[in-house]
Amino acid sequence: MTEPLVIAVPSKGRLQENAAAFFGRAGLAFQQSRGARDYQGVIPGLPGVLVKFLSASEITTQLATGQAHLGVTGEDLVREQIGDADAAVCLLTPLGFGQANVVVAAPQAWIDVRTMSDLDEVAVDLRVRHGRKMRVATKYVNLTRRFFAEHGLADYRIVESLGATEGAPASGAAEIIVDITTTGATLAANALKVLDDGVMLRSEANLVASLRASWSEGPREAVRAILGRIAAEEAARTTREIRARVEPGREGAALAAAEALGARAPYGPTAPELVLHAPKAAVFPLVDALTQAGASDVTVRSLDYLFRAENPLLARLETRLG
């Protein structure tokens, strides 16, 4: 049998819902043959694809070891769990959900501590006055070590957190924490503040490709189809099709006005109707520019899919795979 392309996606919660919606928009709906309790699935109409429903940590591990070709996981887990992340995986595209920041947070009562350099002074003071290192409670051990080293901070020791990290300073288990936050409300509720330069990573869910998986012809053929649909949906979501009636002889002026605003004419400056593909954000300035250039009866429509000759997601992956 031909080796399948393996896609690892979250097995539960809001991340699973968002991942399923992301693939669904691209016409890649998941099907679990034995219902929601089945931890494997397929994509109907697309043979040679196996979907695995795993925990976030397991997804990252399978991508790192090449057991999965594609996966949906947060960049924070990729950077934390995979020491050589840039050599092991390729972050193909952010997915617009699962946003959170990995931050350094200190007690609000430390009114004179606002930056990492202030924190270094606290660490030195703890060592000189109390003969011990500053304690940092975190689940992000590797990210913390790299970030602190970049800021020249060495007088600390990590207390690995197994529970609610934000409670460590109040319980006396640590002086500061490194944790993930979305709104900052939980930190504030525990009388903690994020340092001004303490945002270590702005993370969100990504579509990630493993560079260590076996990319034989079967998986390569399947990934071309999958990334083709994903890129087409992404292009359509950010693009609008604009049609305008243009008088003969005015095509050049209308096309120049359109191109100045980032639009493209896939069929050229044809009269009497000019067809444009434009960034969504440029629609209203473009309509104004076309009208001023002599166009009339301008219509704007949304697109379901926009398949282009170039696929930036596939190109990015093929470049990394060599």
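Placed above this text is the structure.
All figures in this text were calculated on a predicted structure; none of them were measured in a lab.

Reading the values: the criteria
Residues numbered from 1 in each chain as written. Predicted model: local features only at pLDDT ≥ 70, side-chain atom pairs only at ≥ 80, totals over all residues. Heavy atoms only, no water. Pairing = 2+ DSSP bridges. Helix = DSSP H or I, 4+ residues; strand = E, 2+ residues; numbered from the N terminus. Axes fitted to C-alpha atoms, helices over the stretch in contact; angles between N-to-C directions. Contact = heavy atoms within 4.5 Å. Buried < 20%, exposed > 50% of the residue type's maximum accessible area, 1.4 Å probe, protein only. Phe/Tyr/Trp six-rings, centres within 6.5 Å; stacked < 30°, edge-to-face > 60°. Salt bridge = Lys/Arg side-chain N within 4 Å of Asp/Glu carboxyl O.

Participant: Would you mind showing me how to read the sheet that holds strand 9 (residues 176-181) here?
Facilitator: Strand pairing in a sheet takes place through backbone hydrogen bonds and is either antiparallel or parallel in direction. Across the sheet, which stays open at both edges, the five strands sit in the order 8-7-9-6-10 with mixed pairing between neighbours. Only two strands of the sheet have a single partner each, and these edge strands are strand 8 (156-160) and strand 10 (192-203). Going from strand to strand, the sheet's axes swing by 25 degrees on average, the running direction of each strand aside. Where strand 7 (residues 134-138) and strand 8 come together, five bridges link them in parallel fashion. By the bridge assignment, T138 is partnered in strand 8 with E160. Sheet contacts for helix 5 (residues 116-130): strand 6 (100-107), strand 7, strand 9 and strand 10; angle to strand 7, the most-contacted strand, approximately 125 degrees. Running at roughly 165 degrees to strand 8, helix 6 (residues 141-150) makes contact with strand 6, strand 7, strand 8, strand 9 and strand 10 of the sheet.

Participant: Is there a simple way to explain the environment of M116 in this structure?
Facilitator: Position of M116 among the secondary structure elements: in helix 5. Taking the relative accessible area as the measure of exposure, M116 reaches 1% and is therefore buried. For the pair M116 and L153, spaced 37 residues apart in sequence, the C-alpha separation works out to 8.0 Å. Those residues in contact with M116 that lie beyond four places of it in its chain are V104, F147, F148, H151, L153, L195 and D197.

Participant: How should the environment of L77 be read in this particular structure?
Facilitator: With respect to the element layout, L77 can be found in helix 3 (residues 75-81). Contacts of L77, omitting those with residues within four sequence positions, involve A56, S57, T60 and I82.

Participant: Is there a simple way to explain the packing of aromatic side chains in this structure?
Facilitator: Aromatic rings considered in pairs are described by the distance between their centres and by the relative angle of their planes. Taken as a whole, this structure holds five aromatic pairs when the rule is applied. Centre to centre, the rings of F23 and F30 are 5.1 Å apart; their planes meet at 45 degrees, and the pair counts as tilted. Judged by relative accessible area, which is 0%, F23 ranks as buried. An aromatic cluster of three or more residues is present, and its members are F22, F23, F30 and F53.

Participant: Would you mind going over the pattern of salt bridges with me for this structure?
Facilitator: Side-chain pairs of opposite charge can arise whenever the charged atoms involved come near each other. Within the structure shown, the criterion is met by 17 salt bridges. Note that E217 and R224 form a salt bridge whose closest N and O atoms lie 3.3 Å from each other. With a relative accessible area of 48%, E217 lands in the partly exposed category. Here the residues in one salt-bridge network are E241, R243, E273 and R301, joined through shared partners.

Participant: Would you take a moment to explain the sheet that holds strand 4 (residues 70-74) for this structure?
Facilitator: Ordered by their spatial adjacency, six strands build an open sheet running 2-3-1-4-11-5, and the pairing between neighbours is mixed. Two strands bound the open sheet, and with one partner strand each, they are strand 2 (40-41) and strand 5 (89-94). As defined by bridge partners, strand 5 adjoins strand 11 (residues 205-210) across five bridges and the pair is classed as antiparallel. When the bridges of strand 11 are listed, P94 appears paired with N206. Helix-sheet contacts for helix 1 (residues 13-25) involve strand 1 (5-10), strand 3 (49-54), strand 4 and strand 11, and the interaxial angle to strand 1 is about 135 degrees. Against the sheet, helix 9 (residues 217-237) makes contact with strand 1, strand 3, strand 4, strand 5 and strand 11, and its axis sits at roughly 45 degrees relative to strand 1, the strand it touches most.

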